[in-house]
Amino acid sequence: MAACDYMIGKIGYGTVSEALSYKLPFVFVRRDFFNEEPFVRNMLEYYQNGVEMIRRDLLTGRWAPYLQRAISLKPCYEGGVDGGKVTARILQDMDFGKNNTPQKNHAFTVLNICNLVYFWEKTCLRSVTPTNVINH
């Protein structure tokens, strides 16, 4: 990613987070039936990071105007990009009995942790533990 001038793809959490973290303009195509699309689109707009391409133009190779627009963007995301380490630290603290009482403002974080653990289980990444993520 660091060697790219821009990204082209379908909008989603993974591509948007990579585009934001690398401050890489993202030319995207809408996804049908992706309920979270408005939220990730808003992030791209807010951080001046995205250009929406019409699906027909993608399929017919009419990319030039979108790529020209993408090159002119000045992405400005300055937020954290260490979510994996933050999540691992929270899991480790919970495992060691620290800060294990979710407060109201931590409800979203706890939900994300549950999703992360489910992902780990389903993808058989049993060698990935909070401790070895933090130490790398």
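Parameters at a glance
Residues numbered from 1 in each chain as written. Predicted model: local features only at pLDDT ≥ 70, side-chain atom pairs only at ≥ 80, totals over all residues. Heavy atoms only, no water. Helix = DSSP H or I, 4+ residues; strand = E, 2+ residues; numbered from the N terminus. Buried < 20%, exposed > 50% of the residue type's maximum accessible area, 1.4 Å probe, protein only. Contact = heavy atoms within 4.5 Å. pLDDT = per-residue confidence, 0-100. Pairing = 2+ DSSP bridges. Axes fitted to C-alpha atoms, helices over the stretch in contact; angles between N-to-C directions. Arc of directions from axis to C-beta. Phe/Tyr/Trp six-rings, centres within 6.5 Å; stacked < 30°, edge-to-face > 60°. Salt bridge = Lys/Arg side-chain N within 4 Å of Asp/Glu carboxyl O.

1. A few points about the overall build of the protein
Here is step 1: Within the protein one finds seven helices and three strands.
Here is step 2: Of the regular secondary structure in the protein, the N- to C-terminal order runs β-α-β-α-β-α-α-α-α-α.
Here is step 3: Counting across all 136 residues of the protein, residues that qualify as buried make up 26%.
Here is step 4: For the protein, long-range pairs separated by at least 24 residues make up 49% of all intrachain contacts whose partners lie at least 6 apart in sequence.

2. Brief notes about the confidence of the model for the protein
Here is step 1: Overall, the predicted model of the protein reaches an average pLDDT of 78, with 71% of residues at or above 70.
Here is step 2: Segment residues 124-136: pLDDT under 50, and 19 contacts once partners within four positions in sequence are set aside and those in other chains are kept.

3. What to know about the sheet that holds strand S2 (residues 26-29)
Here is step 1: With parallel pairing, the three strands of this open sheet are ordered in space as S1-S2-S3. With one partner strand each, in any of the chains shown, strand S1 (7-10) and strand S3 (50-52) form the two edges of the open sheet. Across the sheet, the mean angle from the axis of one strand to that of its neighbour is 25°, orientation sign disregarded.
Here is step 2: Of the strand pairs in this sheet, S1 and S2 are connected by four bridges, and their pairing is parallel. Residue pairing in the sheet places Gly9 in a bridge with Phe28 of S2.
Here is step 3: Contacts from helix H4 (residues 64-72) reach S1, S2 and S3 within the one sheet, and its direction differs from that of S3 by about 165°.

4. Some thoughts on helix H2 (residues 37-46)
Here is step 1: Those residues of H2 that fall on the buried side of the exposure criterion are Glu37, Val40, Arg41 and Leu44. Summarising the axial view, the buried residues of H2 lie within an arc of 105°, below the 170-degree limit, and thus occupy one face. In H2, those exposed residues whose orientation departs by more than 90 degrees from the buried face are Phe39 and Tyr46.
Here is step 2: Those residues of H2 that are buried lie in contact with helix H1 (13-21), S2 and S3.
Here is step 3: The positive-phi residue at the C-terminal boundary of H2 is Gln48, with phi of around 50°.

5. Details of the packing of aromatic side chains
Here is step 1: Inspection of every chain in the model, using the stated rule, returns four aromatic pairs.
Here is step 2: Consider the rings of Tyr13 and Phe34, whose centres lie 5.7 Å apart with planes at 75°: the pair is edge-to-face. Of this pair, Tyr13 sits in helix H1 while Phe34 sits in the loop between S2 and H2, placing them 21 residues apart in sequence.
Here is step 3: Residue classification places Phe34 among the buried positions, given a relative accessible area of 14%.

6. Points about the pattern of salt bridges
Here is step 1: Applying the stated criterion across every chain yields a total of six salt bridges.
Here is step 2: The shortest N-O distance in the salt bridge between Lys23 and Glu78 comes to 2.6 Å. Residue Lys23 is found in the loop between H1 and S2, and its partner Glu78 is found in the loop between H4 and helix H5 (83-95); the two are separated by 55 residues along the sequence.
Here is step 3: Because the salt bridges share partners, they merge into one network encompassing Arg30, Glu37, Arg41 and Glu52.

7. Some words on unusual backbone geometry
Working note: non-glycine residues mostly have negative phi, and peptide bonds are mostly trans.
Here is step 1: One non-glycine residue with positive phi stands out, namely Lys23, at about 50°.
Here is step 2: Of note, the phi angle at Phe33 is positive, near 65°, even though the residue is not glycine.
Here is step 3: Mapped onto the elements of the fold, Phe33 is located in the loop between S2 and H2.
Here is step 4: Relative accessible area serves as the criterion here: at 85%, Phe33 is assigned to the exposed category.

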